[in-house]
Amino acid sequence: MHGLILRYPPTQFDMAGDDGGRNLNLGKNLMCRLKCMFSDSSAPERLSLEDTQQWAHSLDRLLRSKYGLATFRTFLKLEYSDENIEFWLTCEDYKKLTSSHKMTARAKKIFEQFVKPESPKEINIDYHTREEIKRSVRKAAVQCFDEAQKIVYGLMERDSYPRFLRSEMYKSLLESLAEDAERG
């Protein structure tokens, strides 16, 4: 998936006061970038106010929407906390592998990148889970990352997701879509 890069530093999404015009521009900018990201899709899904409002119902709904996932990833990157979503997505891809050779190689790579202490994108999991993964990576079973993935999903659901829903990024996008819907 293509990364969504915004030109604004994270502090501009933390704007205080009633600067509706600036927030609306941020929302329009994000909306435009999302549409451009997926313009080469064979069956483009339209970014709508209703769908975007649905993201607030559950993290699962947010992650099942390609625009929602892209927006959430961007938010986490701006907060320098994207390791959890990257791990979760990597595990989803890992579960789709069918070759045991590919699974073994990928499991080791996932362990080195996300699970091993001091790894580049170390996720926050308990010692027991980390050690269990360390043992199961050798076998490279489909479910070797399941427990860590559940923990990471729970962390995102309790922490990152509520912050995203309160963020200026999400509010600006909703505001921009609402304005577009009013204009018809």
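Residues numbered from 1 in each chain as written. Predicted model: local features only at pLDDT ≥ 70, side-chain atom pairs only at ≥ 80, totals over all residues. Heavy atoms only, no water.

The name that an unreviewed UniProt entry assigns to the protein is Regulator of G-protein signaling 13, with the source organism given as Triplophysa tibetana.

All right, on to the packing of aromatic side chains then. Under the criterion given, the structure shown has eight aromatic pairs. On the numbers, 5.5 Å between centres and 70° between planes, the contact of Phe75 with Phe164 is edge-to-face. Here Phe164 lies in helix H8 (residues 146-166) and Phe75 lies in helix H4 (residues 66-78), a separation of 89 residues in the sequence. Classification of Phe75 by relative accessible area gives buried; the value is 6%. Through pairs of rings, three or more aromatic residues link up here, namely Trp55, Phe72, Phe75, Phe164 and Tyr170. For the cation-ring pair, Lys66 lies above Tyr67, with the distance from its terminal atom to the ring centre recorded as 5.6 Å. (Phe/Tyr/Trp six-rings, centres within 6.5 Å; stacked < 30°, edge-to-face > 60°. Helix = DSSP H or I, 4+ residues; strand = E, 2+ residues; numbered from the N terminus. Buried < 20%, exposed > 50% of the residue type's maximum accessible area, 1.4 Å probe, protein only. Lys NZ or Arg CZ within 6 Å of the ring centre and 35° of its normal.)

In total, this model carries zero disulfides according to the counting rule given. For Cys91, which is in no disulfide, the shortest distance to another cysteine sulfur is to Cys144 and amounts to 7.9 Å. Judged by its relative accessible area of 9%, Cys144 is buried. (Disulfide = S-S within 2.5 Å.)

With that settled, the discussion passes to the nonpolar core. Ranked by internal contacts, the top residues of the largest apolar core, which has 43 residues, are Phe72, Ile85, Phe87, Tyr94, Val115 and Phe145. When residues no more than four places from it in sequence are discounted, the contact partners of Val115 are Phe87, Ile110, Ile123, Ile125, Arg130, Ile133 and Phe145. (Core = buried A, V, L, I, M, F, W, Y, C linked by side-chain atoms within 4.5 Å. Contact = heavy atoms within 4.5 Å.)

Along the chain, the position of Glu86 falls in helix H5 (residues 83-94). Ignoring any residue separated from it by four or fewer positions in sequence, one finds Glu86 in contact with Arg73, Lys77, Phe114 and Lys121.

Another point: the packing of H4 against H5. Where H4 contacts H5, the two axes come as close as 9 Å, and the packing angle between them is 140°. Judged by the angle between their axes, H4 and H5 are oblique. Here Leu69, Phe72, Arg73, Leu76 and Lys77 of H4 lie close against H5, whose contacting residues are Ile85, Glu86 and Leu89. Tallied by class, residues from the contact of H4 with H5 come to five nonpolar, no polar and three charged. (Axes fitted to C-alpha atoms, helices over the stretch in contact; angles between N-to-C directions. Parallel < 35°, antiparallel > 145°, perpendicular 65-115°, else oblique. Nonpolar A, V, L, I, M, F, W, Y, C, P; charged D, E, K, R; others polar.)

What the rule picks out here adds up to 12 salt bridges. For Arg73, the salt bridge goes to Glu86, with nearest N and O atoms at 2.8 Å. In this pair, Arg73 is assigned in helix H4 and Glu86 in helix H5, connecting sequence segments 13 residues apart. Classification of Glu86 as buried rests on a relative accessible area of 12%. For Arg130, the salt bridge goes to Glu122, with nearest N and O atoms at 3.5 Å. (Salt bridge = Lys/Arg side-chain N within 4 Å of Asp/Glu carboxyl O.)

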